[in-house]
Amino acid sequence: MDTNTILIILGIVAIIIGLVVAYNILRKSLDAKTLGSAEQRAKNLILDAENRAETLKKETIVEAKETALKLIDDAEKEIKERRNDISKLENRLIQKEESLDKKLDNIERKTQSLADKEESINKKRKELDDIHKQQLEQLEKISGYTKEEAKNILLESIKSDIKHDASIMIKEIEGKAREEADKRAKNIIANAIQRCAADHVAENTVSVVSLPNDEMKGRIIGREGRNIRALENATGIELIIDDTPEAVILSGFDSVRREIAKLALEKLVVDGRIHPARIEEMVAKAEKEIGQRIKEAGEEVTFDLGIHNLHPELIKLVGRLKYRTSYGQNALKHSQEVAYLAGLIAGELELDIAVAKRAGLLHDIGKALDHEKEGTHIQLGMEVLKKYKEQDAIIDAMKSHHGDYEPVTIEAVIVAAADALSAARPGARKETLESYIKRLEALEEIANTTEGVEKSYAIQAGREIRIIAKPDEVKDDELPFVAREIAKKIEQNVNYPGQIKVNICRETRAIEYAK
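This section reports on the structure supplied with the text. (Residues numbered from 1 in each chain as written. Predicted model: local features only at pLDDT ≥ 70, side-chain atom pairs only at ≥ 80, totals over all residues. Heavy atoms only, no water.)

**Details of the pattern of salt bridges**
Just so we agree on the cut-off: Think of a salt bridge as a Lys or Arg side-chain nitrogen and an Asp or Glu carboxyl oxygen that are within 4 Å of each other. Going along the chain from the N terminus, every DSSP run of H or I of four or more residues is numbered as a helix, and every run of E of two or more is numbered as a strand.
Tallying each qualifying case throughout the model produces 15 salt bridges. Across the pair Arg52 and Asp48 runs a salt bridge, and its minimum N-O distance is 3.4 Å. Of this pair, Arg52 and Asp48 both sit in helix H2 (residues 35–143), 4 residues apart, which is roughly one turn of the helix. Salt bridges linked by common partners bring Asp271, Arg273, Arg278, Glu281 and Lys285 together as one network.

**Some remarks on the nonpolar core**
Put simply, the test is: By nonpolar core is meant a set of buried Ala, Val, Leu, Ile, Met, Phe, Trp, Tyr and Cys residues that side-chain atoms within 4.5 Å join together. Remark: exposure states derive from per-residue accessible area (1.4 Å probe, protein chains only) relative to the maximum for the residue type, with buried under 20%, exposed over 50%, and partly exposed in between. Contacts are residue-level and defined by heavy atoms, with any inter-residue pair within 4.5 Å sufficient.
Counting 40 residues, the largest nonpolar core has Leu314, Leu317, Leu361, Leu362, Ile365, Val384 and Leu385 as its most contacted members. Listed by contribution, the elements that provide at least two residues to this core are helix H7 (276–305), helix H8 (312–320), helix H9 (331–348), helix H10 (353–362), helix H11 (377–387), helix H12 (392–399) and helix H13 (410–424). Broken down by element, the residue count for this core peaks at 8 residues, all from H9. Setting aside residues up to four positions removed in sequence, Leu385 forms contacts with Leu314, Leu362, Ile365, Glu390, Ile394, Ile395 and Met398. If you look at the next biggest cluster of nonpolar residues, it comprises 27 residues, including Leu239, Val256, Leu265 and Tyr323.

**A few points about the sheet that holds strand E6 (residues 453–459)**
The criterion, for reference: At least two bridges found by DSSP between two strands is the condition for calling them paired. Axis definition: a line fit to C-alpha positions, over the contact stretch in the case of helices; interaxial angles, taken between N-to-C directions, run 0 to 180 degrees.
Strand order across the open sheet formed by 3 strands is E6-E7-E8, with mixed pairing between neighbours. The sheet terminates laterally at E6 and strand E8 (501–506), the two strands that pair on one side only. Mean inter-strand twist for the sheet, computed between neighbouring axes without regard to direction, equals 20°. Of the strands in this sheet, E6, strand E7 (464–469) and E8 are in contact with helix H15 (residues 479–493), which crosses E8 at around 150°.

**Structural notes on the packing of helix H5 (residues 226–235) against H7**
A pair of packed helices is characterised by two quantities: the angle between their axes and the separation of those axes. The criterion, for reference: Each angle is binned into one of four classes, with values under 35 degrees roughly parallel, values over 145 roughly antiparallel, values of 65 to 115 roughly perpendicular, and all other values oblique. Handedness of a helix crossing follows the sense of rotation of the near helix relative to the far helix, less than a right angle counterclockwise being left-handed and clockwise being right-handed. Charged means Asp, Glu, Lys or Arg here, nonpolar means Ala, Val, Leu, Ile, Met, Phe, Trp, Tyr, Cys or Pro, and polar covers whatever is left, Gly included.
Direction vectors running N to C along H5 and H7 enclose 30°, while the axes themselves pass 9 Å from each other. Here H5 lies roughly parallel to H7, going by the angle between them. In this structure, the crossing between H5 and H7 has a hand that is right-handed. On H7, the residues touching Arg226, Asn227, Ala230, Leu231, Ala234 and Thr235 of H5 are Pro276, Ile279, Val283 and Glu287. Residues belonging to the contact of H5 with H7 are distributed by class as follows: 6 nonpolar, 2 polar and 2 charged.

**Quick word on a nonpolar patch on the surface**
As a reminder of what qualifies: Patches were defined on residues exceeding 30% relative accessible area and lacking a salt bridge, with like-charge contacts within 9 Å and nonpolar side-chain contacts (Val, Leu, Ile, Met, Phe, Trp, Tyr) within 5 Å. Method for areas: the Shrake-Rupley scheme with a 1.4 Å probe, in which residue coverage is limited to the protein chains shown.
On the surface, a cluster of nonpolar side chains totalling about 340 Å² of accessible area is made up of Ile8, Ile12, Ile16 and Val20. Along the chain, Ile12 turns up in helix H1 (residues 3–28).

The structure is reproduced here in structure tokens:
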């Protein structure tokens with residue numbers, strides 16, 4: 001709606017208001033004056049209202065025209081300013097375009113110059129190649145050797161010199177590094193062992209239950225063997241009742257089940273009432289009691305090590321290691337010792353002690369499940385640690401402690417070292433004579449089949465192999481390479497705890513005769 005229309009409407013509204021006012025005045029004056037006089041006044045009021053409305057209309061129209069003229073002037077000024085801005089931008093664009101044209105011309109000239117230089121360089125290169133070829137032909141004629149023959153002779157000479165220098169350098173570097181590393185490692189390991197005192201108990205796959213007398217054997221067997229069958233079915237453990245006086249042997253690979261069977265049988269012997277129903281009741285009580293013992297064992301170890309926020313199920317699995325042995329070594333005691341050693345070594349190296357301890361305690365957690373599930377203890381350990389949301393550093397240390405995976409963190413290397421240290425120390429594990437002899441034979445066979453070796457002897461329980469080199473085939477500066485080669489073969493082909501020292505020596509003789 002424009003301004004003129006609004007003004008017209010306002011005028012009409014004013015007229016109407018005037019008429020209403022005039023009507024009211026006229027009605028009030030009807031009683032005092034005559035009808036003729038009222039009509040005259042009404043006409044005068046209407047006329048006056050029309051005059052005012054016309055005046056207001058004219059004034060409004062004039063104001064509207066002035067406003068419109070002002071808006072037009074403002075618009076013309078704005079258009080003029082924008083035209084000036086556009087003109088300036090056009091001038092700038094023209095200038096930039098001219099500058100770009102100049103730059104393009106310069107680039108084209110430089111490109112042409114580079115192309116000319118490249119062509120000149122190619123010509124000179126071709127000339128140099130021709131000269132080089134002629135020189136090689138002349139050298140071949142003078143020396144009497146072809147290019148390939150001369151190259152091989154030169155490479156052999158350089159290879160011999162470099163090998164000799166490298167051997168001396170390697171020997172010096174290894175000597176210094178070994179001296180520093182041995183000193184540092186001995187201090188760390190000695191400190192760790194000195195501060196760690198863990199008890200170890202060797203267990204077998206059988207348990208023995210003492211009986212008050214041999215008559216109790218018959219009661220355990222029961223009528224037609226029902227009692228012994230009930231006990232074996234309830235526990236999964238085989239009962240061996242033979243001529244051993246006042247004793248029953250429990251046989252089974254699952255040490256937890258074997259402990260449950262032992263406890264239940266002891267309770268039955270004390271109670272004296274042995275029948276299938278009582279056997280089931282005692283086995284149930286024994287399972288509950290062993291479960292409580294497992295939980296308490298796990299809580300005790302985690303408390304002693306200062307490991308917190310461990311999942312309750314992981315605590316139970318740690319406790320189950322109390323009834324698990326590996327090579328005759330108690331798995332819980334071993335894990336506890338590994339945790340202590342890893343924490344001590346991490347402290348000496350200023351690393352994360354909490355992570356090292358936690359990873360050391362959980363590194364063999366899969367052994368608590370390997371009697372129940374298929375898979376290696378590494379695979380089972382990875383599954384259970386991921387299930388209970390252990391951090392990646394703990395899982396990495398657990399899965400790499402036997403070399404199945406490459407370690408990612410330094411704590412993982414520390415746990416592997418602590419595991420080897422705990423397992424390899426004298427008396428920690430039992431080893432059969434057969435496997436012991438096989439390892440010694442394997443070490444000597446690897447050394448004897450290496451070129452340049454005359455004899456070898458595995459000594460110190462297979463922790464060192466002493467090698468005698470053939471003096472006419474191996475020089476003094478080649479001994480480090482032979483020792484390294486044998487060490488790599490041992491790492492690839494022999495399974496062993498800890499480390500094996502490769503000690504190689506060469507006899508040097510000088511003979512002279514006095515005449």
